[in-house]
Amino acid sequence: MKCKKCGQKAAVNMPQHRLALCKEHYLEWIPEQTERFIRKYRMFTYADRVLVAVSGGKDSLSLWDILWRLGYRADGLYIALGIDEGIGYSAESQRLTEQFAAERGLRLHVVDVRAETGKTIPEWAALTLRGREKPCAVCGLVKRHEMNRIARDLGYDVLATGHNLDDEVAVLFGNTLNWAVGYLLRQGPVLEERDGLARKVKPLCRFYEREMTAYALLRGIEYIYEECPFSVGSTSIQYKEWLNQLENERPGTKLSFYLSFLEAKEKGLFARPQEEGELHPCRRCGQPTSAPDLCAYCRMLEKAHPIPAEQVE
Ligand code: AMP
Ligand code: FES
Ligand code: ZN
Ligand code: ZN
């Protein structure tokens, strides 16, 4: 295989795009494409302050690297979840994230869930779920809350996450199996700001997972190889395996499934007069919620420390 641009030996072959590139041209191509997606979906401009949620994994660190190289005003946010599971998962991902920021002189905010809430994610899961389920739902809730809080309190214009095409297609597949119209309506490269919920964007949503792995490796980014230990056996990993089988048979299937979905949405396929339940501020933390009084995050906190009525307005 030869690089399409210079004819040298190709480092990455992408049959789904009928494109092969050498290392140098690949490292140029990914940021160029990212820039194109940022403009196409009107994600943000050079004037905006972007908060990149970084987990220490290949996708979010590569995203931060790309935005920095493109010259965007991008700071990082790392949420220390307190997940150890014998491999020091959170400690190692935090170390790699801090090292990445220091090497490039980038600004990183670190939020420690234990310091914020008194417990780690596995401890919250043990308390609220009594060990019956995996902590992923509790973890997702806390991550969303903290990302939104920091973006809002520190005045960022937009929150960017490292979701790649494989992530998006797995979610799309799950939502389609259930015809979860409400979720389908909200899925896409941009989620507009709504009643105090930060604007969210996914600049990597059109890159295959293997394209991001290749970028991180060729760029020499040190990232955590392990997936979260709790993700083992999850439905989304199962979906990803099935989708990979489809992709192997027919290269391009994942991308066309996602792009056709976006096109169908654009044409109004899912646009039905849908009551977007009213949001109002949570009594305790002030973040928007559809629940009548406390948001799901504060209801979780209350299980450990009931909030005295006079503390809240
Ligand atoms: P995941 O749900 O683990 O696939 O992560 C999806 C995206 O959420 C990542 O690409 C990051 O942008 C963000 N994210 C995940 N974990 C963290 C974390 N601990 N701190 C900050 N951002 C995170
Ligand atoms: Fe949150 Fe795995 S439980 S990242
Ligand atoms: Zn080349
Ligand atoms: Zn709340």
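What counts, and at which threshold
- Residues numbered from 1 in each chain as written.
- Chains lettered and ligands numbered in written order.
- Predicted model: local features only at pLDDT ≥ 70, side-chain atom pairs only at ≥ 80, totals over all residues.
- Heavy atoms only, no water.
- Helix = DSSP H or I, 4+ residues; strand = E, 2+ residues; numbered from the N terminus.
- Rg over C-alpha atoms; globule rule 2.2 N^0.38 Å.
- Buried < 20%, exposed > 50% of the residue type's maximum accessible area, 1.4 Å probe, protein only.
- Contact = heavy atoms within 4.5 Å.
- Areas by Shrake-Rupley, 256 points an atom, 1.4 Å probe, with all protein chains shown as cover.
- Lys, Arg positive; Asp, Glu negative; His and termini not counted.
- Charge placed at Lys NZ, Arg CZ, Asp CG, Glu CD.
- Donors = N, O, S within 2.8 Å, 3.2 Å for Na, K, Ca; no water.
- Tetrahedral: all angles 85-135°; square planar, octahedral: opposite > 155°, others 65-115°.
- Axes fitted to C-alpha atoms, helices over the stretch in contact; angles between N-to-C directions.
- Parallel < 35°, antiparallel > 145°, perpendicular 65-115°, else oblique.
- Left-handed = near helix turned anticlockwise from the far one by under 90°.
- Nonpolar A, V, L, I, M, F, W, Y, C, P; charged D, E, K, R; others polar.
- Polar contact = N/O pair within 3.5 Å; in protein donor to acceptor, adjacent residues only side chain to side chain.

It is worth spelling out the overall build of the protein chain at this point. Per the secondary structure count, the protein chain includes 12 helices and 10 strands. In terms of C-alpha radius of gyration, the protein chain reaches 20 Å, essentially the compact-globule figure of 20 Å for 313 residues. Seen through its principal axes, the protein chain has C-alpha atoms that stretch 70 × 45 × 40 Å. The proportion of buried residues among the 313 residues of the protein chain is 48%. Of the contacts made within the protein chain by residues no fewer than 6 positions apart, 68% connect residues no fewer than 24 positions apart. Carbon and sulfur atoms make up 50% of the accessible area of the protein chain, which totals about 16400 Å². Here the protein chain holds 44 positive side-chain charges and 43 negative ones, and the gap between their average locations is 4 Å.

Right, let's talk about the coordination of the zinc ion (ligand 4) for a bit. Note on metal sites: the ideal angle is 109.5 degrees for four tetrahedral donors, and 90 or 180 degrees for six octahedral donors. Protein-derived coordination of the zinc ion (ligand 4) comes from C282 (SG), C285 (SG), C295 (SG) and C298 (SG), at a distance range of 2.3 to 2.4 Å. Around the zinc ion (ligand 4) sit four donor atoms, and with donor-metal-donor angles ranging over 106 to 113 degrees the site reads as tetrahedral. The exposure class of C282 is buried, given its relative accessible area of 4%.

Attention now goes to the packing of helix α5 (residues 121–129) against helix α6 (residues 136–153). Put simply, α5 and α6 touch, their axes get as near as 9 Å, and they point 120 degrees apart. If you check the angle between α5 and α6, you find them oblique. For α5 against α6, the interelement crossing comes out right-handed. Seen from α5, the contacting residues are I121, W124, A125, T128 and L129; seen from α6, they are V138, C139 and V142. In terms of residue class, the contact of α5 with α6 is built from seven nonpolar, one polar and no charged.

Within the element layout of this structure, L129 appears in helix α5. What makes L129 buried here is its relative accessible area of 15%. With sequence-adjacent residues up to four places away left out, L129 is seen in contact with W124, K134, P135 and V138.

On to the environment of E192. Among the structural elements, E192 can be located in the loop between β7 (190–191) and β8 (200–201). Distance from E192 to Y258, taken between C-alpha atoms, is 19 Å for residues 66 residues apart in sequence. In terms of polar contacts, E192 uses its side chain to reach the side chain of R199, at 2.4 Å.

Right, let's get into the packing of α5 against helix α12 (residues 296–304). Running from N to C, α5 and α12 point in directions that differ by 80 degrees, and their axes come no closer than 10 Å. By the criterion of interaxial angle, the relationship of α5 to α12 is roughly perpendicular. Together, W124, L127 and T128 of α5 and M300, L301, K303 and A304 of α12 make up the contact between the two elements. Here the contact of α5 with α12 is built from residues that sort into five nonpolar, one polar and one charged.

Coordination of the zinc ion (ligand 3) by the protein involves C3 (SG), C6 (SG), C22 (SG) and H25 (ND1), with metal-donor separations of 2.1 to 2.3 Å. Here the zinc ion (ligand 3) binds four donor atoms, and the angle range of 98 to 114 degrees at the metal identifies the geometry as tetrahedral. In terms of primary sequence, the donors binding the zinc ion (ligand 3) are separated according to C-x2-C-x15-C-x2-H. Taken together, the positions of C6 in the segment before β1 (12–14) and C22 in the loop between β2 (19–21) and α1 (23–40) put the pair 16 residues apart, joining distant regions of the chain.

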